[in-house]
Amino acid sequence: RNWDAFSSTTAYRETRKTLYRNQDGFCAYCESHLPWDEEHDEPRKGCVRIEHFHAKADPDPTHNWMLDWKNIMMVCMASGKGDARRCDARKEDVQNGVFHVDDVPPGYVFEGYILNPYEMPRECLFKFDEATGELTPDVTVCNQVAVSGNKHATTEILVDRTIQVLNLNSKVLCRQRKVV
């Protein structure tokens, strides 16, 4: 009937396990490793959660975003404040109007404003700076790739807004990338 009721079921626990396996244990947004609880044989509670790309709270009566398999993914849980905010928390901050990103309106709909992990093109749209660990749009590739549903003038802007909305250049993530 609703997400709270679903989240207390065996099906919810199985969904978490399946998403974790399908994503090879990596966050759908920042690609950080998601911890596994060996004792309980499941993704570690308090560190990993199911994320809805399109907000489950969307009152659209024609679509159940809450239980749409193509709308749910595993992500790392929010931690820290400011620049340390994790990808899902920053997305929520933008959604609620707490954090502003140019050309990305607050609200439930992110389709076309940021890249959806389920709809990523095959080409790598990001450049990685080994010295800083930062991601930037790969301008050359972005100029060659059109992303379906893009609400920005260019793919480069779409990639840049994705980096901003998901806080993919937080100090924590940049440090993790430099180590790898």
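Only a predicted model underlies this, so the values are computations on that prediction, with no experimental measurement involved.

Caption draft 1: Highlighting the packing of aromatic side chains. Under the criterion given, the structure shown has 4 aromatic pairs. Look at Trp 3 and Phe 6: their rings are 5.3 Å apart centre to centre, the planes differ by 50 degrees, and that puts the pair in the tilted class. On the criterion of helical spacing, the pair formed by Trp 3 and Phe 6 is a turn pair, its members being 3 residues apart in helix α1 (residues 3-6). Note on accessibility: Trp 3 and Phe 6 belong to one class, buried. When the ring of Tyr 20 is compared with that of Trp 36, the centres are 4.7 Å apart and the planes differ by 50 degrees; the resulting orientation is tilted. Of the two residues, Tyr 20 is situated in helix α2 (residues 10-22) and Trp 36 in strand β1 (residues 36-37); the sequence distance between them amounts to 16 residues. In this structure, Tyr 20 and Trp 36 share a single accessibility class: buried. Ring-pair connections join several aromatic residues into one group, and the members of that group are Trp 3, Phe 6 and Tyr 12. Arg 90 extends its terminal NZ or CZ atom over the ring of Phe 99, reaching a point 3.8 Å from the ring centre. The aromatic ring of Phe 53 is capped on one face by Lys 91, whose charged end is 5.8 Å from the ring centroid.

Caption draft 2: Summary view of unusual backbone geometry. Phi at Asp 24 takes a positive value of approximately 55 degrees, unusual for a residue other than glycine. Looking at where Asp 24 falls in the secondary structure, it is placed in the loop between α2 and β1. We note that Asp 103 has phi near 70 degrees; this positive angle belongs to a residue other than glycine. Examined against the element boundaries, Asp 103 turns out to sit in the loop between α3 (87-95) and β5 (126-128).

The rules behind these values
Residues numbered from 1 in each chain as written. Predicted model: local features only at pLDDT ≥ 70, side-chain atom pairs only at ≥ 80, totals over all residues. Heavy atoms only, no water. Phe/Tyr/Trp six-rings, centres within 6.5 Å; stacked < 30°, edge-to-face > 60°. Helix = DSSP H or I, 4+ residues; strand = E, 2+ residues; numbered from the N terminus. Buried < 20%, exposed > 50% of the residue type's maximum accessible area, 1.4 Å probe, protein only. Lys NZ or Arg CZ within 6 Å of the ring centre and 35° of its normal.

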